[in-house]
Amino acid sequence: MIPTIDLSINNQSEAIKAAEGLSTYGAVFIRVPSASNLDGFTDMMEDYFNQPVDELKQDERPEHSYQVGCTVGIEKAKCFSTRDAYCLSVIDTLEESERPTRVEESGDGSDLKCRFFHRMSTKDPNIQYASDSLENITPAAFKDRNWEKVMNDTGNIFLETIEKLSILVAQGLGLPDDTFVDAAKYGNHLLAPTGSDLGKYGYLNSVLAGFHTDLNFLTIHGKSRYSGLNIWARNTGKKIPVAIPEGCYLVQAGKQLEHYTGGNILAGFHEVVVNEKTLSQIEKQKKEHPERPLIRVSSTFFYHLSSSFALPEHLPKYPAMNVGDLVMNELKSIGLSEDAM
């Protein structure tokens, strides 16, 4: 069972539970004193992703490896698109009934989703990577909807929450409290909501996001209006359908945390797939709110270590490298970058 960490409790026992939860499951729930209502943000993102593709593409920035603005159906799950050896080896260890849902053979491996990146970072005075200086985008049709304020307010909720958890995780690993907060001071943190059109892709076993891990340090999600997220715990090899409890957020370990700990904490594999519960939620939404678009929004936030931060060496699997180089390698593997930004 995925443990729940109470951020109102700051003691060694809760810190150890946080570190062990990430090590065992790759994920924890975190209870906050007053989990913020994300309805206004979700409504705005439903409307945004409901725009015609041509309008969404106006917000794409391929010249920046899509690390700001919109990404329209380009992101790939490397397990199935590039047949990544490590990813496939993980799948091979799973029982047939516990394996991830395969993406449709007729496609190119791209996820059935769009994503929007809104940067929540503090600019590094010693810029080494072009991504450190990108400017946010306000979509043309949303300039009168307080876009920047809504995005910043939501991003700050997640940023403040994940920093508190980072302190607990550091304590649980026997490190100084501010180890990760300091390492992430100039991180390229991203409020990164995704949107999938359930009017088009809302059929059973439709893979909205293929089996993958995240390239950042920690990922935090608010509760979605539609089910479909599955995660895999490293200790059992079992697929776990996730239902975020009320008053909680979900946090998952990413590649930067895996590298930092030399694999003591592994980046958590996960997927998003339309299931029977999703179908019921779609029908309920049609009846109760027929005027609203059928868009599954995930209120995702990616917490990064600073690009210039030197990840420690844990040979043979984890060579010494800067976070920025790890990110660029991962972006290439999921189809978002061909060259360095």
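About the criteria used
- Within each chain, residues carry numbers counting from 1 in the order of the written sequence.
- Given that this is a predicted model, residues contribute local features only at a pLDDT of at least 70 and side-chain atom pairs are listed and counted only at 80 or more, while totals for whole chains, interfaces and linings are drawn from all residues.
- Remark: hydrogens and water are excluded; side-chain values derive from all non-hydrogen atoms of the structure.
- Disulfide assignment relies on a single distance test, namely cysteine sulfur atoms paired within 2.5 Å.
- Think of it in three bands: with a 1.4 Å probe and only protein chains considered, a residue is buried below 20% of the maximum accessible area for its type, exposed above 50%, and partly exposed in between.
- Strands here are runs of E lasting at least two residues and helices are runs of H or I lasting at least four, both read from the DSSP assignment and numbered beginning at the N terminus.
- Only heavy atoms matter for contacts: two residues are in contact if any of them lie within 4.5 Å across the pair.
- We define a nonpolar core as any set of buried Ala, Val, Leu, Ile, Met, Phe, Trp, Tyr and Cys residues linked to one another through side-chain atoms lying within 4.5 Å.
- The criterion for an aromatic pair is that two Phe, Tyr or Trp rings (for Trp, the six-membered ring) have centres within 6.5 Å, with stacked assigned to planes under 30 degrees apart, edge-to-face to planes over 60 apart and tilted to the rest.
- Every axis corresponds to a line fitted to the C-alpha atoms, with the helix fit spanning only the stretch in contact, and the corresponding angles, defined between N-to-C directions, vary from 0 to 180 degrees.
- Our angle categories are set so that under 35 degrees counts as roughly parallel, over 145 as roughly antiparallel, 65 to 115 as roughly perpendicular, and the remainder as oblique.
- Crossing handedness: left-handed means the near helix sits turned counterclockwise from the far one by under a right angle, and right-handed means the same turn made clockwise.

With an unreviewed UniProt entry as reference, the protein is termed Clavaminate synthase-like protein, source organism Wallemia mellicola.

Caption draft 1: Geometry of the state of the cysteines. According to the stated counting rule, one finds one disulfide in the structure shown. Covalent S-S linkage joins cysteine 79 and cysteine 87, the inter-sulfur distance amounting to 1.4 Å. The disulfide joining cysteine 79 to cysteine 87 has a torsion of about 45° about its S-S bond and is therefore right-handed. Each member of the pair cysteine 79 and cysteine 87 is classed as buried. Cysteine 114 forms no disulfide, and the closest cysteine sulfur to it belongs to cysteine 70, at a distance of 5.1 Å.

Caption draft 2: Quick peek at the environment of isoleucine 30. By secondary structure assignment, the location of isoleucine 30 is in strand E2 (residues 27–31). Classification of isoleucine 30 as buried rests on a relative accessible area of 0%. When the C-alpha positions of isoleucine 30 and cysteine 248 are compared, they lie 5.3 Å apart, and in sequence the two are 218 residues distant. Not counting residues within four places of it along the chain, the set of residues in contact with isoleucine 30 comprises Ile5, Leu7, Thr161, Leu165, Ile220, Gly247, Cys248, Tyr249 and Val251.

Caption draft 3: Focus on the nonpolar core. Counting residues in hydrophobic clusters, the biggest one holds 58 residues, and the most contacted among them are Ile30, Met45, Tyr48, Phe116, Leu165 and Leu218. No other element matches the nine residues that helix H6 (residues 147–172) contributes to this core. Counting 20 residues, the second largest nonpolar core, distinct from the first, contains Tyr25, Phe29, Leu198 and Ala209.

Caption draft 4: Representation of the packing of aromatic side chains within the structure. Per the stated rule, a full pass over the model turns up 16 aromatic pairs. When the centroid spacing of 4.8 Å and the interplanar angle of 85° are considered together, the rings of phenylalanine 211 and tryptophan 232 count as edge-to-face. Here tryptophan 232 lies in strand E9 (residues 229–232) and phenylalanine 211 lies in strand E7 (residues 207–212), a separation of 21 residues in the sequence. Summarising the burial analysis for this pair, phenylalanine 211 and tryptophan 232 share the class buried. Three or more aromatic residues link up through ring pairs in this structure, and these residues are Tyr48, Phe49, Phe116, Phe142 and Trp147.

Caption draft 5: Representation of the packing of helix H2 (residues 39–49) against H6. Direction vectors running N to C along H2 and H6 enclose 125°, while the axes themselves pass 10 Å from each other. Classified by the angle their axes make, H2 and H6 are oblique. In the packing of H2 onto H6, the handedness of the crossing is left-handed. Across the interface between the two elements, Phe41, Met44, Met45 and Tyr48 of H2 pack against Trp147, Val150, Met151 and Thr154 of H6.

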